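Close look at the chain arrangement
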Amino acid sequence: MQRLLPSLMSISRQYSVMKLSKSLGSNEGQKCLNLQSSDILCKYLPQGPLLLRLFNFLSPFSSSPARILAASMTESQTASVDESLRTDTIPLLDHTATTEVSPTTFEVSTMKVDTQIFDKAPLPFDEIPGPAILKIWEKYWKYVPLLGTQLLSSLLINRFTQGRLTWNRNITPLKYLFNEYGCIVRINGPLSGDIVMIHRPEHIAEVFKQEGDTPVRSGIDILQHYRLNYRKYRLAGPFSMQGTEWLEIRDKVEDTFNQISSTFFTKIDTCCNELITRICKIRNRQNEVPVSFYEDLIRWAMECFCDLTFNKRLGFLEPIGYNSSSEASKLINALTTAHKYMSRCETGFQVWRFFLTPFARKLFEACDVLDNVIGKYVRQAQCKLRIRKSHSEESSMTERSPVLEKLLLNEGIHPDDICTMLMDMIILGIQATVNSEAFLLYHLAKNPRTQRKVYDEIISVLSNDNSSFTEKSLKNMPYLKACIQETLRLHPAIPYITRLLPKTISLHGYTIPKGTFVIMANQITSQREENFEDPFKFWPERWLSNSSKEDVHFSYLPFGHGIRSCLGKNMAEAKMMLLTAKLVRQFRIEYDYADIKSRFMMVNVPNKPLRFRFVNRN
């Protein structure tokens, strides 16, 4: 079937050109002789038939005069021909005449040719290119049990792509499909339903333009199943909420999260100092940290989160926090386990919908640990608020309260919703921040000149090594901010953005109906040559010009876009900037091993250990 597609497309193009040649030959206002080019070639040139076949071969691929000439030859039997040219009494050229040809022998037509050949009406949805084998099986999948259908479809995809798709390794599947079928691809059939995948900025912009006030995106099915069916919560959590429910939650918590970076800057600074102390303790004689350094980054992010949210330091980076029986270690183990098995449950066969699988059981057990700890601190905060209200301290309560207490003071938010929101922030938000910081340190280590520029910028702002970083001083470091932007361009935390179309739209000449699930591959978008010069190069300078910032609006979406964009953007950027600035000022960061790339586990994670060398600058 696939081999027939190029032939069918070629026939279609030839047919369109044939219609053009008809319109040219039948124009009544034409003042020149209506010559049949096939007759000229066949009668007066020795290789006429051969050229005729050559023009017929080239015509589908060219819009040049050769194409029009070839098209006219294919209609030699139907075109209107002046019969006087076919008689032997009127030759085309008078061989007895002198070599000087009269300039009035032929007149050139001055008619205007209509260049709009093709119909501009949008093509139907079914004509969007994609794996044909899935389109065939789409007709029969409803007659097969769900489990058998998923298994069969997986085998078909693997056979069709000859093993080139690895669904759990970042953007490999979409990159292959775009290279195979073009900038818009449709996947349908038993495994997925109607899904359209795009990566061009103008197509992404059109989807966001039509999303409306209540956009719908994909949630995390396994977490939704855990909360609604296992824990019996009233809602599935903010990440999986849709429509007006999400808007209500966002309106109530947006201001709280936007104020985090400025209000609790000192607490983040303290956590960064603890990580620096930990680095000095664990590095070896070659100043290299062990392969467990990734866990230390997670502990740093968890300490920041707990201090900001619960107003509680759990000692993640202290010696007691590394004890396996400590609450800090239990939380770290639960977070690591939950992230691991959430990825496996979400990207594999969803057999857990029918019975509790071993992977789902381990995920639920890890989520129970996180949920119990969060619930404990929610109850403690509720008790503190009741005590303060009894002492008439309500007026000053909001100003000095941590994030959790501010959320509880908002009477429109149910405590269960707060618990699910905080769990989503731990499982997804902390992982996204840690992995982005890991990639940032890697690129600075692999680009010593860039790292030196960051250091020079820090020294220019804070000339004294003992000077403390402030929110204002970080705002005066645009090159450091550019390094973060460049890292998020190359390794966005989440490589896909999804939307369910609320209305029918037109993309790339195709009609996309309402209710279609659209996957926008923003990581592929930010790594294409037409959007960024030398796209795979770590080059922060590209973000320092104002013109570049204006041109990449929908080519660079590390935090999403619109109403469903990331709520923790300010918190994540503040933590990354402060930690990176403090590390670069104190250490020269080096890396001597194989290149670190992205691996997709619900978020982009490094595929190799972070074996950095932290060499003291002084």
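- The name given to the protein chain in an unreviewed UniProt entry is Probable cytochrome P450 12a5, mitochondrial isoform X1, with the source organism recorded as Apis mellifera.
- Check the Cofactor (unreviewed entry) section of the UniProt entry for the protein chain; it says "heme".

1. Overview of the overall build of the protein chain
- Regarding its fold elements, the protein chain presents 24 helices and 10 strands.
- A buried classification covers 47% of the 618 residues belonging to the protein chain.
- In the protein chain, the proportion of contacts linking residues at least 24 apart, taken out of those at least 6 apart, comes to 71%.
- Surface exposure of the protein chain reaches about 31,800 Å², of which carbon and sulfur atoms provide 53%.

2. Focus: the pairing of strand β8 (residues 598–601)
- Pairing between β8 and strand β9 (residues 603–606): 4 bridges, direction antiparallel. Bridge pairing in β9 links arginine 599 to valine 605.
- Where β8 folds back onto β9 in an antiparallel hairpin, the turn is made up of 1 residue, including methionine 602, whose phi is positive at roughly 70°.

3. Some thoughts on the packing of aromatic side chains
- Applying the stated criterion across every chain yields a total of 17 aromatic pairs.
- Plain terms: the ring middles of tyrosine 226 and tyrosine 230 are 5.4 Å apart, the flat faces sit at 25° to each other, and that makes the pair stacked. Here tyrosine 226 and its partner tyrosine 230 are both found in helix α9 (residues 221–230), 4 residues apart, which amounts to about one turn of the helix.
- The class of tyrosine 230 is partly exposed, set by a relative accessible area of 41%.

4. Some words on the pairing of strand β6 (residues 517–520)
- Inspection of the sheet shows strand β2 (residues 195–198) paired to β6 by 4 bridges, in the parallel sense. Bridge pairing in β6 places valine 196 opposite valine 518.

5. Considerations on the packing of helix α12 (residues 265–282) against helix α24 (residues 569–586)
- For the pair α12 and α24, the least separation of the axes is 10 Å and the interaxial angle reads 40°. The angle between α12 and α24 places the two elements in the oblique class. Handedness of the crossing formed by α12 with α24: right-handed. For the pair α12 and α24, contact is made by Phe265, Ile268, Asp269, Cys272, Asn273, Leu275, Ile276, Ile279 and Cys280 and by Lys575, Leu578, Leu579, Lys582, Leu583 and Gln586, respectively.
- When the residues that make up the contact of α12 with α24 are grouped by side-chain class, the tally is 10 nonpolar, 2 polar and 3 charged.

6. Examining the sheet that holds β6
- With mixed pairing, the 4 strands of this open sheet are ordered in space as β1-β2-β6-β3. Of all strands in the sheet, those with a lone pairing partner are β1 (184–187) and β3 (497–500), marking the two edges. The average undirected angle you get between the axes of adjacent strands in this sheet is 20°.
- Relative to β6, β3 runs antiparallel, the two being bridged by 4 bridges. Its bridge partner lying in β6, threonine 498 is registered against isoleucine 519.
- Packing of helix α8 (residues 201–209) onto the sheet brings it into contact with β2, β3 and β6, and relative to β6 it is tilted by some 135°.

7. Digging into the UniProt feature "binding site: heme" (unreviewed entry) in the protein chain
- On the UniProt side, "binding site: heme" (unreviewed entry) is annotated at positions that read Cys566 here.
- With respect to the element layout, cysteine 566 can be found in the loop between α23 (546–551) and α24.

8. Focus on the side chain of glutamate 303
- Along the chain, the position of glutamate 303 falls in helix α13 (residues 293–309).
- With no salt bridge to any partner, buried glutamate 303 finds its closest opposite charge in arginine 313, at an N-O distance of 4.3 Å.
- At 3.1 Å, the side chain of glutamate 303 forms a polar contact with the backbone nitrogen of leucine 314.
- Polar contacts involving the side chain of glutamate 303 include one to the main-chain amide nitrogen of phenylalanine 316, which spans 2.7 Å.
- Residues within four places of glutamate 303 in sequence aside, it is in contact with Cys271, Glu274, Lys312, Arg313, Leu314, Gly315, Phe316 and Leu317.

9. Quick notes on helix α19 (residues 448–461)
- Between its terminal C-alpha atoms α19 stretches 20 Å, which fits the 20 Å expected from 14 residues at 1.5 Å a residue.
- For α19, the set of buried residues is Thr450, Gln451, Val454, Tyr455, Glu457 and Ile458. In a view along the axis of α19, the buried residues occupy a sector of 160°, so they form one face of it. Those residues of α19 that are exposed and angled more than 90 degrees off the buried face are Pro448, Arg449 and Ser460.

10. Describing the state of the cysteines
- Applying the stated criterion to the full structure yields 0 disulfides.
- Of all cysteine sulfurs in the structure, the one in cysteine 271 sits closest to cysteine 306, which takes part in no disulfide; the separation is 9.2 Å.
- Look at cysteine 306 and you get buried, because its relative accessible area is 1%.

11. What about the confidence of the model for the protein chain?
- The predicted model of the protein chain averages 76 in pLDDT, with 69% of residues at 70 or higher.
- Taken together, the stretch residues 1–104 has pLDDT below 50 and engages in 79 contacts with residues farther than four places along the chain or on a different chain.
- Within the model, the stretch residues 140–170 combines pLDDT values under 50 with 47 contacts to residues more than four positions away or in other chains.

12. A closer look at the packing of helix α18 (residues 415–446) against α24
- Axis separation between α18 and α24 bottoms out at 10 Å; the angle between their running directions is 35°. Judged by the twist between their axes, the crossing of α18 over α24 is right-handed. Every residue of α24 that contacts α18 at Met425, Thr433, Ser436, Glu437, Leu440, Leu441 and Leu444 is listed here: Met571, Ala572, Lys575, Met576, Leu579, Thr580, Leu583 and Val584.
- Classifying every residue of the contact of α18 with α24 by side-chain character gives 10 nonpolar, 3 polar and 2 charged.

13. Considerations on the pattern of salt bridges
- If you walk through the whole model with that rule in mind, you get 23 salt bridges.
- Salt-bridge contacts for aspartate 296 lead to arginine 278; the nearest nitrogen and oxygen are separated by 3.3 Å. Here aspartate 296, found in helix α13, pairs with arginine 278, found in helix α12; they are 18 residues apart in sequence, far enough to count as distant.
- Across the pair glutamate 541 and lysine 453 runs a salt bridge, and its minimum N-O distance is 2.9 Å. Separated by 88 residues along the polypeptide, glutamate 541 in the loop between α22 (522–525) and α23 and lysine 453 in helix α19 bring together distant segments of the chain.
- The class of glutamate 541 is partly exposed, set by a relative accessible area of 23%.
- Residue lysine 453 is classed as partly exposed on the basis of its relative accessible area, which comes to 43%.
- Look at the salt bridges and you will find they share partners, linking Lys267, Glu274, Asp307 and Arg313 into a network.

How each quantity is defined
Residues numbered from 1 in each chain as written. Predicted model: local features only at pLDDT ≥ 70, side-chain atom pairs only at ≥ 80, totals over all residues. Heavy atoms only, no water. UniProt positions renumbered as here; feature names shortened; annotations may be inferred. Helix = DSSP H or I, 4+ residues; strand = E, 2+ residues; numbered from the N terminus. Buried < 20%, exposed > 50% of the residue type's maximum accessible area, 1.4 Å probe, protein only. Contact = heavy atoms within 4.5 Å. Areas by Shrake-Rupley, 256 points an atom, 1.4 Å probe, with all protein chains shown as cover. Pairing = 2+ DSSP bridges. Phe/Tyr/Trp six-rings, centres within 6.5 Å; stacked < 30°, edge-to-face > 60°. Axes fitted to C-alpha atoms, helices over the stretch in contact; angles between N-to-C directions. Parallel < 35°, antiparallel > 145°, perpendicular 65-115°, else oblique. Left-handed = near helix turned anticlockwise from the far one by under 90°. Nonpolar A, V, L, I, M, F, W, Y, C, P; charged D, E, K, R; others polar. Lys, Arg positive; Asp, Glu negative; His and termini not counted. Salt bridge = Lys/Arg side-chain N within 4 Å of Asp/Glu carboxyl O. Polar contact = N/O pair within 3.5 Å; in protein donor to acceptor, adjacent residues only side chain to side chain. Expected span 1.5 Å × (residues − 1). Arc of directions from axis to C-beta. Disulfide = S-S within 2.5 Å. pLDDT = per-residue confidence, 0-100.

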